[in-house]
Structure formats: structure tokens, C-alpha cells
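One-letter residues, chain by chain:
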Amino acid sequence: MTIKLTEINPGECYRILESERFGHLACCKDGQPYVAAIYFAFSGGVAYSFTMPGKKLDWMRGNDKVCLHVEQRSSAGGWTSIVVEGRFEEFPDSDARRSERLHAWSLLQKYSDWWEIGSMKPQELPMPDGSPHVFYGIAVTAVSGRSAVRTE
């Protein structure tokens, strides 16, 4: 058995991103990388997501250069891997960004579990006065992909 590895063109990468909703987001602070699982909805060159305050959000606020990895597995044992280089954009609940925040929510809410990973923390958090949840987007600056197919 051999595996044939091929590059995927950007158009195909975008098509795959629009059909997927789970990936791993990488951010970096002081040369130290951090990777976290996220649910997202992809539209118009932006991966929209949701999170609560914590390490990932703090690091993205400090360094807006991030990377998203999305993988598809095939029943034949192959895979497709997409890597998105992008910039973090926060959509606070303010007049200036409200339309982006509502757009992010409208895309994410199509799935019943869109909020699960972003809302969970391993420790209990104190109850805040306002809502601490954050909608954000990863605006694509570059995209690449590869596909591996088993051949006999």
C-alpha cells in the first residue's frame, strides 16, 4: 500500500472549511505556542467562533496572529488537512461591532452544540455582573491544504 499526497488549491480549501465545523486553533505568546479545540462556522473568508475568558482569549488579544487546522478523514483511510493562517478579531457587544457579533451568532447557532467547547472550563468560574462570552473571528490571510489517498 502507498499513499498519494496532493496539494489542494485555495478554492477547494475554502469549500472544505465551509463544510466543517471543528478544528484546532493555535496561538502564541512569548514564543510559546498554545493549541485549543474549537467549533467554528466559516463564511466569507472568516472562521467565526465563541469562547469564554481564559488563556486562549488572553493570548489572541496579545498576539492576533493565529492558525487554524481542520482535518477530514475518509472511510478509505485517507485524509485532508487544511491550515489557515489568520488574524484574530473580537466582536464585542458594542454598537460598532454589533452587526459582526450577530452575524457570528447567526452562523454558529445553526448547530445545537456550537457553544459547548467555548463555554466549558475545567474549574468553576465566579458569576460575573455581565455576560463574559466572546464572539470572535479568524480572518484568513493565507490558506493551504493537502490530501492523502491510499493507493493499491
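Residues numbered from 1 in each chain as written. Predicted model: local features only at pLDDT ≥ 70, side-chain atom pairs only at ≥ 80, totals over all residues. Heavy atoms only, no water.

> How should unusual backbone geometry be read in this particular structure?
Excluding glycine, residues mostly have negative phi values, and the peptide bonds linking residues are mostly trans. The phi dihedral of Asp30 falls on the positive side, at around 50°, and the residue is not glycine. The residue Asp30 is located in the loop between strand E2 (22-29) and strand E3 (32-39) in this model. With a relative accessible area of 75%, Asp30 lands in the exposed category. (Helix = DSSP H or I, 4+ residues; strand = E, 2+ residues; numbered from the N terminus. Buried < 20%, exposed > 50% of the residue type's maximum accessible area, 1.4 Å probe, protein only.)

> How should I be thinking about the pairing of strand E7 (residues 79-91) in this particular structure?
For a regular strand, side-chain orientation follows a simple rule: the groups alternate between the two sheet faces. Sheet topology note: the strand E6 (residues 65-73)/E7 ladder contains nine bridges and is antiparallel. Following the sheet pairing, Glu71 is matched in E7 by Ser81. Between E6 and E7, which follow one another and run antiparallel, lie five residues, and Gly77 among them has a positive phi close to 95°. Bridge analysis of E7 against strand E8 (residues 134-151) gives 13 bridges, and the strand direction is antiparallel. Each residue of the ladder has a partner; that of Gly86, found in E8, is Val140. (Pairing = 2+ DSSP bridges.)

> Sorry, what's going on with the packing of aromatic side chains here?
The geometry of an aromatic ring pair comes down to the distance between the two centres and the angle between the two planes. Tallied over the full model, the rule gives six aromatic pairs. Between Tyr48 and Phe91 the ring centres are 5.9 Å apart and the planes differ by 40°, which places this aromatic pair in the tilted class. Taken as a pair, Tyr48 in strand E5 (residues 46-51) and Phe91 in strand E7 lie far apart in primary sequence, 43 residues in all. Here Tyr48 and Phe91 have matching classes, each one buried. Judged by centre distance (5.7 Å) and plane angle (45°), the ring pair of Phe88 and Tyr136 falls under tilted. Of the two residues, Phe88 sits in strand E7 while Tyr136 sits in strand E8, which places them 48 residues apart along the sequence. Each of the two residues, Phe88 as well as Tyr136, counts as buried. (Phe/Tyr/Trp six-rings, centres within 6.5 Å; stacked < 30°, edge-to-face > 60°.)

> What's the story with the nonpolar core in this structure? I'm lost.
Proteins that are soluble and globular tend to have nonpolar side chains buried together. Membership of the largest hydrophobic core comes to 24 residues, with the highest contact counts inside it found for Leu25, Met60, Leu68, Ile82 and Ile138. Elements with a minimum of two residues in this core: helix H1 (10-19), E2, helix H2 (55-62), E6, E7 and E8. Top element by residues in this core is E8. It accounts for five residues. Setting aside chain neighbours within four positions, we find Ile138 in contact with Leu25, Gly45, Val46, Ala47, Met60, Val66, Gly86, Arg87 and Phe88. (Core = buried A, V, L, I, M, F, W, Y, C linked by side-chain atoms within 4.5 Å. Contact = heavy atoms within 4.5 Å.)

> Looking at this structure, how should I read the pattern of salt bridges?
Note that side chains of opposite charge can pair when their charged atoms are close. Taken as a whole and judged by the stated rule, the model has five salt bridges. The closest approach of N and O atoms between Glu7 and Arg146, which form a salt bridge, is 2.9 Å. Here the residue Glu7 occupies a position in strand E1 (residues 2-8), and Arg146 occupies one in strand E8, the gap between them amounting to 139 residues. Take Glu7: its relative accessible area is 58%, and that puts it in the exposed class. Glu90 is paired through a salt bridge with Arg61; the nearest N and O atoms lie 2.8 Å apart. With Glu90 in strand E7 and Arg61 in helix H2, the pair connects residues that are 29 residues apart, well separated along the chain. Residue classification places Glu90 among the partly exposed residues on the basis of a relative accessible area of 22%. (Salt bridge = Lys/Arg side-chain N within 4 Å of Asp/Glu carboxyl O.)

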